[in-house]
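Structural characterization, general
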Amino acid sequence: MPSESTQIPIHSVELFPPKTPEGMEKLKLEIASLNSLAPTFFSVTYGAGGSTREGTFDTVNWLRGQGIDTAPHLACIGSTREQVREILTQYREQGIDRLVALRGDMPSGMGAGNSGDFRYANELVSFVRAEFGDSFMIEVAAYPEYHPQSGNPARDLENFKRKVEAGADGAITQYFYNADAYFGFLESCRKEGIGIPIVPGIMPITNYTQLARFSDTCGAEIPRWIRRRLEGYGDDVESLRAFGHEIVLNLCRQLIAGGAPGLHFYTMNQSGPVRRLWTELGLPTGV
Ligand code: FAD
């Protein structure tokens, strides 16, 4: 396997499936704008328990129809082997060759008895490899600040390693704003002999309330000084966005300078903030 520094950088963008036809029309414009940046692939999220199953399929289908490399996310919790097999067969027929394989979080209202045939993402990775061989490149999730349910960082790392040993080709991280968390995590992975590319997930800062809510749920830390500055902008959206842009731009620069194998942007279905980062970072655009 080539070392990370000799690999072609993987710069990808993530979308979520819109809920309405109007939403899809708006998303198509954002996709066109993002596609002009020539990302390595677009990924499309999937609601655990199958809540966005149709929306994910439709969005993936549309992207494929445009000839765009697409990696659907697949969250296995609450699904049976048969359901997962059906989804993957369909994706293979559409020419999809990359997946983001996840456990997902049990949707509220779904009891422990409905957790389906998979308990953890490593079981999904093993299933995909056993049933579909090397038809798909498999990306998995990684957590530089550790998964909120893991309790213990060492155990979380062991669990991450299980996904790699089950056959993951690469990983995309949860977002973070402290580059040291990422570099520390990489170092721990190297000590464990984990050599797959681990691409940092980048969340642009455009809306403090939404970011604070997400971060509380997924266990990503907003450093106190950043939180205080963002809170201080109140309704001054323009200043908040300008500050957020500088923070994320500097983070990306540190990550690239430190040898990150690429960047994965959580676009929140908005092309503007990602385009600006992409351009100012001088990432390749394929033109
Ligand atoms: P796992 O790797 O299974 O880990 C979950 C927890 O269980 C961790 O605490 C881990 O330490 C522990 N664990 C893992 N394996 C074992 C084991 N064998 N024994 C004991 N403990 C174990 N969610 C969605 O619903 N849809 C999406 O599209 C989606 N996309 C995402 C994309 C990225 C890049 C990231 C980082 C997250 C995404 N998520 C998505 C969120 C993700 O589903 C949640 O963070 C979820 O809580 C964990 O999923 P996982 O695949 O990391 O789980």
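Only a predicted model underlies this, so the values are computations on that prediction, with no experimental measurement involved.

Attention now moves to the pattern of salt bridges. A side chain with one charge may pair with a side chain of the opposite charge, provided their charged atoms come close. Following the criterion strictly, the structure yields 14 salt bridges and no others. A salt bridge links arginine 53 to glutamate 86, with the nearest nitrogen and oxygen atoms 3.2 Å apart. With a gap of 33 residues between them, arginine 53 in helix 2 (residues 53–65) and glutamate 86 in helix 3 (residues 81–93) connect regions that are remote in the sequence. Here aspartate 216 makes a salt bridge to arginine 227, at a shortest N to O gap of 3.8 Å. Remark: arginine 227 occurs in helix 8 (residues 224–232) and aspartate 216 occurs in helix 7 (residues 208–218); sequence separation between them is 11 residues. Residue aspartate 216 is classed as exposed on the basis of its relative accessible area of 58%.

In this section: helix 3. Taking 1.5 Å as the rise per residue, helix 3 with 13 residues should run 18 Å; its terminal C-alpha atoms sit 18 Å apart, in good agreement. Residues of helix 3 that are buried: Val84, Ile87, Leu88 and Tyr91. Each buried residue of helix 3 lies within a common arc of 95° when the element is viewed along its axis, so the set occupies one face. Where helix 3 is buried, its residues meet helix 2, strand 3 (70–75), strand 4 (98–102) and helix 4 (121–132). Following helix 3 by one or two positions, glycine 95 adopts a phi angle in the positive range, close to 85°.

Next up on the list: empty space enclosed by the protein. Scanning the model with the defined rule gives one cavity of 30 Å³ or more in all. Counted as a void, the largest cavity has a volume near 40 Å³. Around the largest cavity, the lining residues are Tyr143, Pro144, Glu145, Tyr146, Gln174, Tyr175, Cys218, Gly219 and Ala220.

The subject of this paragraph is the confidence of the model for the protein. For the protein, per-residue confidence averages 94 on the pLDDT scale, and residues scoring 70 or more make up 96% of the total. Confidence over residues 1–5 falls short of pLDDT 50; this stretch has nine contacts with residues more than four positions distant or in other chains.

Now for the nonpolar core. Core analysis: the biggest nonpolar cluster contains 91 residues, and Phe160, Tyr177, Ile198 and Phe265 have the highest contact counts within it. With eight residues, the top contributor of residues to this core is helix 9 (residues 237–257). In this structure phenylalanine 160 touches Val140, Ala141, Ala142, Ala171, Phe185, Cys189, Ile194, Ile196 and Ile198, once residues within four positions along its chain are discounted.

Right, let's talk about unusual backbone geometry for a bit. Backbone geometry places tyrosine 146, a non-glycine residue, at a positive phi of 70°. With respect to the helices and strands, tyrosine 146 occurs in the loop between strand 5 (137–142) and helix 5 (153–165). Residue asparagine 269 is not a glycine yet carries a positive backbone phi of 65°. Along the chain, the position of asparagine 269 falls in the loop between strand 8 (262–266) and helix 10 (271–281).

Further remarks concern the site of the ligand. As a matter of local geometry, the ligand sits amid 24 residues, with Tyr46, Asp105, Tyr143, Asp156 and Lys163 nearest to it. Residue aspartate 105 places a side-chain N or O atom 2.5 Å away from an oxygen atom belonging to the ligand. Here a nitrogen atom of the ligand sits 3.4 Å away from a polar atom, N or O, in the side chain of arginine 162. Protein burial of the ligand: of its 970 Å² of free accessible surface, 86% is covered by the chains. Residue assignment for the shell around the ligand shows that the elements contributing at least two residues are helix 4, helix 5 and strand 6 (170–175). Among the elements that line the shell around the ligand, the one with the most residues is helix 5, at four residues. The class makeup of the residues in the shell around the ligand is nine nonpolar, 10 polar and five charged.

Conventions we followed
Residues numbered from 1 in each chain as written. Predicted model: local features only at pLDDT ≥ 70, side-chain atom pairs only at ≥ 80, totals over all residues. Heavy atoms only, no water. Salt bridge = Lys/Arg side-chain N within 4 Å of Asp/Glu carboxyl O. Helix = DSSP H or I, 4+ residues; strand = E, 2+ residues; numbered from the N terminus. Buried < 20%, exposed > 50% of the residue type's maximum accessible area, 1.4 Å probe, protein only. Expected span 1.5 Å × (residues − 1). Arc of directions from axis to C-beta. Contact = heavy atoms within 4.5 Å. 1 Å grid on protein atoms, 1.4 Å probe; cavity = no way out; pocket = protein on both sides within 12 Å on 5 of 7 lines; lining within 4 Å. Points joined across faces, edges and corners; volume = space filled by probe spheres on them. pLDDT = per-residue confidence, 0-100. Core = buried A, V, L, I, M, F, W, Y, C linked by side-chain atoms within 4.5 Å. Near = heavy atom within 4 Å. Polar contact = N/O pair within 3.5 Å; in protein donor to acceptor, adjacent residues only side chain to side chain. Areas by Shrake-Rupley, 256 points an atom, 1.4 Å probe, with all protein chains shown as cover. Nonpolar A, V, L, I, M, F, W, Y, C, P; charged D, E, K, R; others polar.

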